[in-house]
Amino acid sequence: MQIEACKIFRDLVDTKSFSKAAAHNSITQSAVSQQLRALEARFQVPLLERSSKRFALTREGELFYQAARRIIKEYTDFCNVLSELRKVVSGSLRVATVYSIGLHELPPYLKKFLREYPQVKVHVEYRRSNQVYDDVLEGASDIGLVAYPTGRKSLKIEPFREDRLVVICAPQHPLSKHQEITLSALRPYKLIGFEPDIPTRRAVDKILRAENIEIQTVMEFDNIETVKRAVEIDAGIAIVPRATVEQEAKNGTLHIIEFKGKPYYRPLGIIYLSGRVLSPAMRKFIETLQGPAPVDM
């Protein structure tokens, strides 16, 4: 049995998808199925429930999954130590990120990293915030990028950057004539927000409560792109990170309004398992994220 077979099975269980497991390993879905059948033939037990409508492991499958994770971790740690000794920056890197960071904050850093270290294959997965933490804790991702990072057992947090929160509205909205506004001036307007479990929503709610301000929330979404589309059709205003709306402001589809007085910031963090041996690729990727903001390339 090869390490690759363990990795394919782990990725299949982590993603619950034959197509995603295939993509992660640069093989076909048919090859993933073949590897699964070969493992089951080797151990002479089924590893997946064939009759279940949902993706489910058998008892033997769960045991092998846990063993495969341990084997891959030991092998990866060995490879990382070896690469560190040889000063080689190569291999693969799995990054889980929330949509707003992955779509708007990460791209220039990723482009810079890939230009400097072309031998590294980076796979980026877009996830909800709680899923990013789970992916890193479970070993499905090497690095996670989150907003308002919170400490958790077994996780190391590094700072990434801070983004300023702003108000956005449609060009025809009454607020569009303003360049700055106080928080209290938002009271009469309808608010489009993120869903309650998203960290940026919790932060905005905390800011409003601190100022004893109530604003009617008329829509809630789980990602920044949908929030922006709702504001563009003038369904309401929103409080969002400025970096996520720069392009729409340039295109004239959204108007940005800064807060008067004290600015509000959204901190971004890099998370990874504490105590793990970082590969040279992981070290360089973190250094790139914490370095100067890249210019357009």
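Treat the numbers as computed from the prediction; the structure is a model and nothing was measured.

What is the right way to look at the overall build of the protein chain in this model?
On a plain count of helices and strands, the protein chain comes out with 10 helices and 10 strands. Overall, the C-alpha framework of the protein chain stretches about 70 × 50 × 35 Å when taken along its three principal axes. When the 297 residues of the protein chain are sorted by exposure, 44% land in the buried category. Of all intrachain contacts in the protein chain linking residues separated by at least 6 positions in sequence, the fraction that spans at least 24 positions is 74%. Total accessible area computed for the protein chain in this model is approximately 15,500 Å², and 51% of it derives from carbon and sulfur atoms.

What is the right way to read the pattern of salt bridges from this model?
Close approach of charged atoms allows side chains with opposite charge to pair. For the coordinates displayed, the defined rule picks out 24 salt bridges. A salt bridge links Arg266 to Glu105, with the nearest nitrogen and oxygen atoms 3.7 Å apart. Linking Arg266 in strand 10 (residues 265-273) with Glu105 in helix 5 (residues 99-116), this pair joins segments that are 161 residues apart in sequence. Each member of the pair, Arg266 as well as Glu105, is classed as buried. Between Lys284 and Glu287 there is a salt bridge, with its nearest N and O atoms 3.6 Å apart. Taken together, the residues span about one helical turn, with Lys284 and Glu287 both in helix 10 (residues 280-290) at a distance of three residues. What emerges from the salt-bridge pattern is a single network uniting Glu225, Lys228, Arg229, Glu232 and Glu248.

So what exactly am I meant to see when it comes to a nonpolar patch on the surface here?
A cluster of nonpolar side chains, contributed by Tyr75, Phe78 and Leu82, occupies part of the molecular surface with about 300 Å² of accessible area. Residue position: Phe78 is located in helix 4 (residues 59-86). Residue Phe78 is classed as exposed on the basis of its relative accessible area, which comes to 51%.

Could you clarify how one ought to interpret the side chain of Arg276 in this entry?
Relative to the helices and strands, Arg276 resides in the loop between strand 10 and helix 10. At 3.4 Å, the side chain of Arg276 forms a polar contact with the side chain of Asp142. In contact with Arg276, other than residues within four places in its own chain, are Thr76, Asn80, Asp142 and Met282.

Where do I start with the environment of Arg70 in this structure?
Along the chain, Arg70 turns up in helix 4. The class of Arg70 is exposed, set by a relative accessible area of 54%. For Arg70 and Cys6, which are 64 residues apart along the polypeptide, the C-alpha to C-alpha distance reads 9.8 Å.

Basis of the calculations
- Residues numbered from 1 in each chain as written.
- Predicted model: local features only at pLDDT ≥ 70, side-chain atom pairs only at ≥ 80, totals over all residues.
- Heavy atoms only, no water.
- Helix = DSSP H or I, 4+ residues; strand = E, 2+ residues; numbered from the N terminus.
- Buried < 20%, exposed > 50% of the residue type's maximum accessible area, 1.4 Å probe, protein only.
- Contact = heavy atoms within 4.5 Å.
- Areas by Shrake-Rupley, 256 points an atom, 1.4 Å probe, with all protein chains shown as cover.
- Salt bridge = Lys/Arg side-chain N within 4 Å of Asp/Glu carboxyl O.
- Patch = residues over 30% accessible without salt bridge, like charges linked within 9 Å, V, L, I, M, F, W, Y side chains within 5 Å.
- Polar contact = N/O pair within 3.5 Å; in protein donor to acceptor, adjacent residues only side chain to side chain.

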